[in-house]
Amino acid sequence: MSDRRPRAVRAGRWPLRASGHGRQPAAPAPEHSMDPRAEHESQEPAPLERSIVDAALYRGGRRMETPVSLAEIYHRLPGEPGTMAWIGLFRPSPAQLWEAAEQFGLHELAVEDAIVAHQRPKLERYGKTLFVVLRPARYLDEAEEVDFGEIHVFVGPEFVLTVRHSQTPDLAVVRSRLEADPDLLALGPEAVLYAILDAVVDGYAPVIAGLQHDIDEIETEVFRGDPKVSRRIYELSREVVDFQRATRPLLAIMNGLQAGFQKYGTNEELQRYLRDVADHATTVAERVNGFRQALGDILTVNATLVSQAQNEEMKMLAEAGHAQNNEIKKISSWAAILFAPTLIGTVYGMNFVHMPELDWRFGYPFAVALMLLVCISLYLVFKRRDWL
């Protein structure tokens, strides 16, 4: 950051948040996501003429020149008070970044991070130059996923260099709104950093709304007994965890910026704007933490409901089995009772000549009585055992 104290900004809120934190941003262009689940675009660096999205020299908050090459920017940056260069690069080649590092005195570690990408959000200070990594996000309605981008911001006393690895956020909108407010842009590179932070944090609002809608739908599906809800809970939990990784470090970034307010002479009005962004970042982090807790609770409730459903099903099966067993007992008991007279009748029906009971006067009554006695005995036995 610059050691000089910028001139005072006009009172009142900057138009970038005029409609409130919950405003709907302009529809972004198709984004290249750093998330491995998203559809990947080519990782080849863009040609020089394509990688420079926009570059301008500003003096007193107004665009003075629009150089067409990095060399021209380096040559025309006079180093006078109130003059600033803002260069926007989109997937630049390593050679371009090393050239910028040589001209602006960027630290090699920060440049390596910008080349490799896939960095966590962070704030690092190398002398008078800040290096900030941000993870903007957008919500994909059809896929019900959070798509993440990545942007690296180098902030020096007289320059801002942005390196984007995705098309979100649309920094052209940020630049146009800053240029529409020369008093704020005159505060220098710190104002540009604020505007980018503000745009990234504002972009989280639709993501939070989308995740909240998904959680509400999942709660309905859980109590409706949808068998596919467990998978959806798991997938949404992954999205929330990734979103938490992108938003939680913002608190440390904002705390780091606030810690340097006095040391680096940040304008008082700009301090208020940065604190406002910090408040919104805190709200986002708290909402995301709440989402993660809510999904954990929903998963617990779903497991309980599934367990209860399984217990009810097992109980019904057990009752059905018990009823079936009782019927089998009754059938088996009557079969045994009826089998006894059949057996006796079969023996006496063989009509052998030398059967002793064939010539006995009481043979028939004896056989009938024996049948009745066996049947009654079996009936009493089965009745005592509750089989009948």
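As named in an unreviewed UniProt entry, the chain is Magnesium and cobalt transport protein CorA, taken from Streptomyces marianii.

The next subject is the overall build of the chain. A tally of helices and strands in the chain yields 10 helices and 9 strands. Within the chain, buried positions represent 44% of all 388 residues. Split by element, the accessible area of the chain, about 20,800 Å² in all, is 56% carbon and sulfur.

Let us now look at the side chain of Thr247. Position of Thr247 among the secondary structure elements: in helix α8 (residues 229-259). Assessed through its relative accessible area of 1%, Thr247 is described here as buried. Once residues lying within four places of it in the same chain are set aside, the contact partners of Thr247 are Tyr204, Val284 and Val288.

It is worth spelling out the side chain of Arg164 at this point. Turning to its location among the elements, Arg164 is positioned in strand β9 (residues 159-164). Here Arg164 occupies a buried position and makes no salt bridge, while the nearest side chain of opposite charge, Asp170, is found at 5.8 Å. In contact with Arg164, not counting residues within four places along its chain, are Val53, Leu89, Phe90, Arg91, Glu150, Ile151, Pro169 and Leu171.

Turning to the pairing of strand β1 (residues 52-59), a few remarks are in order. Pairing of β1 with strand β3 (residues 83-90) involves 7 bridges; the strand directions are antiparallel. In the sheet register, Ile52 faces β3, and the bridge partner there is Leu89. With 3 bridges connecting them, β1 and strand β2 (residues 62-65) associate as antiparallel partners. Note that in β2 the partner of Arg59 across the bridge is Arg62.

What UniProt calls "transmembrane region" (unreviewed entry) maps, in this numbering, to residues 331-350 and 362-382. In residues 331-350, helix accounts for 90% and strand for 0%; the two terminal C-alpha atoms are 28 Å from one another. Between the C-alpha atoms that bound residues 362-382 the distance is 30 Å, and the span itself is 95% helix and 0% strand.

Pairing in this open sheet of 7 strands is mixed, and the strands run β2-β1-β3-β9-β8-β5-β4 from one edge to the other. Across the chains shown, the open sheet's two edge strands, defined by having one partner strand only, are β2 and β4 (122-126). Taking the axes of each pair of neighbouring strands and ignoring which way they run, one obtains an average angle of 20° across the sheet. Where strand β8 (residues 151-155) lies against β9, 5 bridges are found, and the strand directions are antiparallel. Of the residues in β9, the one forming a bridge with Phe154 is Leu161.

When their charged atoms lie close together, side chains carrying opposite charge are able to pair. Across all of its chains, the model carries 12 salt bridges by this definition. Close ionic contact of Arg175 with Asp54 constitutes a salt bridge, the shortest N to O distance being 3.2 Å. Residue Arg175 is found in helix α5 (residues 171-179), and its partner Asp54 is found in strand β1; the two are separated by 121 residues along the sequence. Accessibility expressed as a relative area gives 21% for Asp54, which makes it partly exposed. Residue Arg232 is joined to Glu221 by a salt bridge in which the shortest nitrogen-to-oxygen separation is 2.7 Å. One end of the pair, Arg232, is in helix α8; the other, Glu221, is in helix α7 (residues 189-224), with 11 residues separating them in the sequence. Residues participating in the shared-partner salt-bridge network are Asp54, Arg63, Arg175 and Glu179.

Once that is clear, we can look at helix α10 (residues 363-384). With 22 residues, α10 extends 32 Å from end C-alpha to end C-alpha; this agrees with the ideal 32 Å at 1.5 Å per step. Looking at α10, one finds that the buried residues are Gly363, Ala367, Cys375 and Phe382. All buried residues of α10 lie within an arc of 110° about the axis, which places them on one face of the element. When the buried face of α10 is taken as reference, the exposed residues oriented beyond 90 degrees from it are Leu372, Leu373, Leu380 and Arg384. On the buried face of α10, the contacting elements are α9 (268-348). Backbone geometry just downstream of α10 places Asp386 in the positive-phi region, at approximately 60°.

Criteria and thresholds
- Residues numbered from 1 in each chain as written.
- Predicted model: local features only at pLDDT ≥ 70, side-chain atom pairs only at ≥ 80, totals over all residues.
- Heavy atoms only, no water.
- Helix = DSSP H or I, 4+ residues; strand = E, 2+ residues; numbered from the N terminus.
- Buried < 20%, exposed > 50% of the residue type's maximum accessible area, 1.4 Å probe, protein only.
- Areas by Shrake-Rupley, 256 points an atom, 1.4 Å probe, with all protein chains shown as cover.
- Contact = heavy atoms within 4.5 Å.
- Lys, Arg positive; Asp, Glu negative; His and termini not counted.
- Salt bridge = Lys/Arg side-chain N within 4 Å of Asp/Glu carboxyl O.
- Pairing = 2+ DSSP bridges.
- UniProt positions renumbered as here; feature names shortened; annotations may be inferred.
- Axes fitted to C-alpha atoms, helices over the stretch in contact; angles between N-to-C directions.
- Expected span 1.5 Å × (residues − 1).
- Arc of directions from axis to C-beta.

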